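A closer look at the structure
Here is what each chain is made of, one letter per residue.
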Amino acid sequence: MANVVLKGVTKIFDGTVVAVKDMDLEVHDREFVVLVGPSGCGKSTLLRMVAGLEEITSGEILIDDRLVNDVPPKDRDIAMVFQNYALYPHMTVYDNMAFGLRLRKYPREEIDQRVREAADILDIAALLDRRPKALSGGQRQRVAVGRAIVRKPKVFLFDEPLSNLDAKLRVQTRTEISKIHERLKATIIYVTHDQVEAMTMGSRIVVMKDGVAHQVADPLTIYQKPVNQFVAGFIGSPAMNFIEGRLTRENGSTVFEAGAFRAPVPPERARALGDVSDRQVVLGVRPEDIFEIADADRVAAPARVTAHLDVVEPMGNEIFLYFRLEERDMVARIDVRVPPAVNSDVDLIFDMESSHFFDTESGRSLLFGGEV
Ligand code: ATP
């Protein structure tokens, strides 16, 4: 296996479209790195540059410490798995998996051994004689992964491999790919727009927007300490609630104010914010950091809100409450069994101990965004 290093990698299409901008990234040996971001953020382009399918406008890409800028894809020792599995319809599963090895003139016994080993890992040994049209979507996807595994590449590249699968199969295949990673100890770069996939699969996540990496960190750090409002809003479902307002000092304490809503900022958070008297900020509160008033004793730094419920969505194990606060749409995620009625007023509590604050102009987190 191998590491992948990107140094100042930039891709400009047609002289004008900047798809990837000055990207630095080191994917360590055996690491599972997920590139995640909204449509058009440049994640596929970045992966295709590593694969050698797209030329680099400037910068350097190294695989296993070898500069590969001018190395053609077939000589990079990588294997890529795409969203549309691109299996050969007229070939059996066995032949689909063996095809690449035959092209490379591997001995027949070795091909056989590798195909059977991969089939075993992927639990498709019983399907080896079938053609792709006789397989389910999930099985086809496994064959596509198998085709990559038999090559024993230095690096696996996955481009949205699960997006054609239905929700249940996606979850199942997600855990399978994680297991394969464990078993093969492979270096994997995985592209998705799905933040749940990113959170559950990646040892590290690269959150991208407009061709730039906004944050590179392990999933929990990304979730708990987002460096800016974009990352905070992109990772987490339902998304973090945001409300613009002002931080002021009152009798030695810091208070957040937005219209009639007033929330004391707990001392630890206030200390981390530094000198913020009279500063415009955006407050961020995750839906699970909002509680019913009955749970007030679970909240260390409560800020009380009377919410008029526009929509109530019982999810079975929890309930999503949609309401407006000072003209802002908000959602709370409450773990009660009996849903409150739509159009009723309920008292809720924001846990300010878990609050986030962002600069109104730049979106930078005042807590976790580092020095300006
Ligand atoms: P998606 O999730 O929709 O696939 P993405 O994050 O993978 O999006 P890319 O496909 O990498 O994004 O595209 C990044 C930007 O580069 C987009 O603005 C896209 O329109 C542009 N782009 C991609 N390929 C080309 C191309 N061949 N020619 C011109 N522009 C391109």
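Quick look at the structure, then. Owing to the predicted nature of the structure, the values given are computational and were not obtained by experimental measurement.

**Description of the overall build of the protein**
When helices and strands are tallied, the protein shows 9 helices and 20 strands. By principal-axis analysis of the C-alpha atoms, the protein measures approximately 80 × 50 × 35 Å. Looking at the protein as a whole, 51% of its 372 residues qualify as buried. Contacts in the protein between residues at least 24 apart in sequence constitute 66% of all its contacts with a sequence separation of at least 6. Side-chain charges in the protein split into 47 positive and 56 negative, and the spacing between the mean points of these groups amounts to 8 Å.

**Notes on the sheet that holds strand E10 (residues 212–217)**
What the 6 strands build is an open sheet, ordered E6-E7-E8-E3-E9-E10; its pairing is mixed. Edge strands, defined here as strands with exactly one partner in the open sheet, are strand E6 (78–81) and E10. For this sheet, the mean inter-axis angle between neighbouring strands, taken without regard to orientation, is 15 degrees. Sheet analysis places strand E3 (residues 32–36) next to strand E8 (residues 187–192), joined by 5 bridges and oriented parallel. Paired with Leu35 across the two strands is Val191, which belongs to E8. Each of E6 and strand E7 (155–159) is contacted by helix H4 (residues 137–149), which is oriented at about 175 degrees to E6, the strand it contacts most.

**Concerning the site of the ligand**
Taken together, the neighbourhood of the ligand is formed by 13 residues, with Ser39, Gly40, Lys43, Ser44 and Thr45 sitting nearest. In the environment of the ligand, an oxygen atom lies 2.7 Å from a nitrogen or oxygen atom belonging to the side chain of Ser44. When the ligand sits alone it has 630 Å² of accessible area, and the protein chains cover 60% of it. When contributions to the shell around the ligand are tallied by element, the ones reaching two or more residues are strand E2 (17–27) and helix H1 (43–51). Of the residues forming the shell around the ligand, the biggest block, 3 residues, is contributed by H1. Class assignment of the residues belonging to the shell around the ligand gives a composition of 5 nonpolar, 5 polar and 3 charged.

**As for the pattern of salt bridges**
Taken as a whole and assessed by the stated rule, the structure comprises 19 salt bridges. A salt bridge links Lys74 to Asp75, with the nearest nitrogen and oxygen atoms 3.3 Å apart. The exposed category is assigned to Lys74, whose relative accessible area is 59%. We note a salt bridge from Arg246 to Glu257, for which the minimum N-O separation is 3.4 Å. On the criterion of sequence distance, the pair formed by Arg246 in strand E11 (residues 241–250) and Glu257 in strand E12 (residues 253–258) is long-range, its members being 11 residues apart.

**Details of the packing of H4 against helix H5 (residues 167–184)**
Between H4 and H5, the least distance of the axes is 11 Å, while the angle of their chain directions is 20 degrees. In this view, H4 runs roughly parallel relative to H5, as classed from their interaxial angle. Taken as a pair, H4 and H5 cross one another with a handedness that is right-handed. Of the residues in H5, those in contact with Gly137, Gly138, Gln141, Arg142, Val145 and Ile149 of H4 are Leu169, Gln172, Thr173, Glu176, Ile180 and Leu184. Its residues placed into classes, the contact of H4 with H5 shows 5 nonpolar, 5 polar and 2 charged.

**Notes on the environment of Phe350**
When you line up the elements, Phe350 lands in strand E19 (residues 345–351). Owing to a relative accessible area of 0%, Phe350 belongs among the buried residues under this scheme. When the C-alpha positions of Phe350 and Val285 are compared, they lie 7.5 Å apart, and in sequence the two are 65 residues distant. Ignoring sequence-local partners within four residues, the contact set of Phe350 consists of Phe261, Val285, Asp289, Ile290, Val299, Ala301, Pro302, Ala303, Val305, Phe323, Leu325 and Met330.

**Observations regarding the side chain of Arg174**
Mapped onto the secondary structure, Arg174 falls in helix H5. Among buried charged residues, Arg174 stands out as having no salt bridge; its nearest opposite-charge side chain is Asp194, 5.6 Å away. With near-sequence residues (within four places) excluded, Arg174 lies in contact with Leu162, Val196, Glu197, Thr200 and Met201.

**Focus on the nonpolar core**
Core analysis: the largest hydrophobic core is formed by 47 residues, its most contacted members being Val36, Met97, Val115, Phe158, Tyr190 and Val207. Among the elements that take part in this core, helix H3 (residues 108–122) stands out by supplying 6 residues, more than any other. Each residue touching Val207, except ones within four places of it in the same chain, is listed here: Val36, Val212, Ala213, His214, Gln215, Ile222, Phe230, Val231, Phe234 and Ile235. Core analysis: the second largest hydrophobic core is formed by 35 residues, Ile243, Leu247, Val346 and Leu367 among them.

Thresholds, definitions, all that
- Residues numbered from 1 in each chain as written.
- Predicted model: local features only at pLDDT ≥ 70, side-chain atom pairs only at ≥ 80, totals over all residues.
- Heavy atoms only, no water.
- Helix = DSSP H or I, 4+ residues; strand = E, 2+ residues; numbered from the N terminus.
- Buried < 20%, exposed > 50% of the residue type's maximum accessible area, 1.4 Å probe, protein only.
- Contact = heavy atoms within 4.5 Å.
- Lys, Arg positive; Asp, Glu negative; His and termini not counted.
- Charge placed at Lys NZ, Arg CZ, Asp CG, Glu CD.
- Pairing = 2+ DSSP bridges.
- Axes fitted to C-alpha atoms, helices over the stretch in contact; angles between N-to-C directions.
- Near = heavy atom within 4 Å.
- Polar contact = N/O pair within 3.5 Å; in protein donor to acceptor, adjacent residues only side chain to side chain.
- Areas by Shrake-Rupley, 256 points an atom, 1.4 Å probe, with all protein chains shown as cover.
- Nonpolar A, V, L, I, M, F, W, Y, C, P; charged D, E, K, R; others polar.
- Salt bridge = Lys/Arg side-chain N within 4 Å of Asp/Glu carboxyl O.
- Parallel < 35°, antiparallel > 145°, perpendicular 65-115°, else oblique.
- Left-handed = near helix turned anticlockwise from the far one by under 90°.
- Core = buried A, V, L, I, M, F, W, Y, C linked by side-chain atoms within 4.5 Å.

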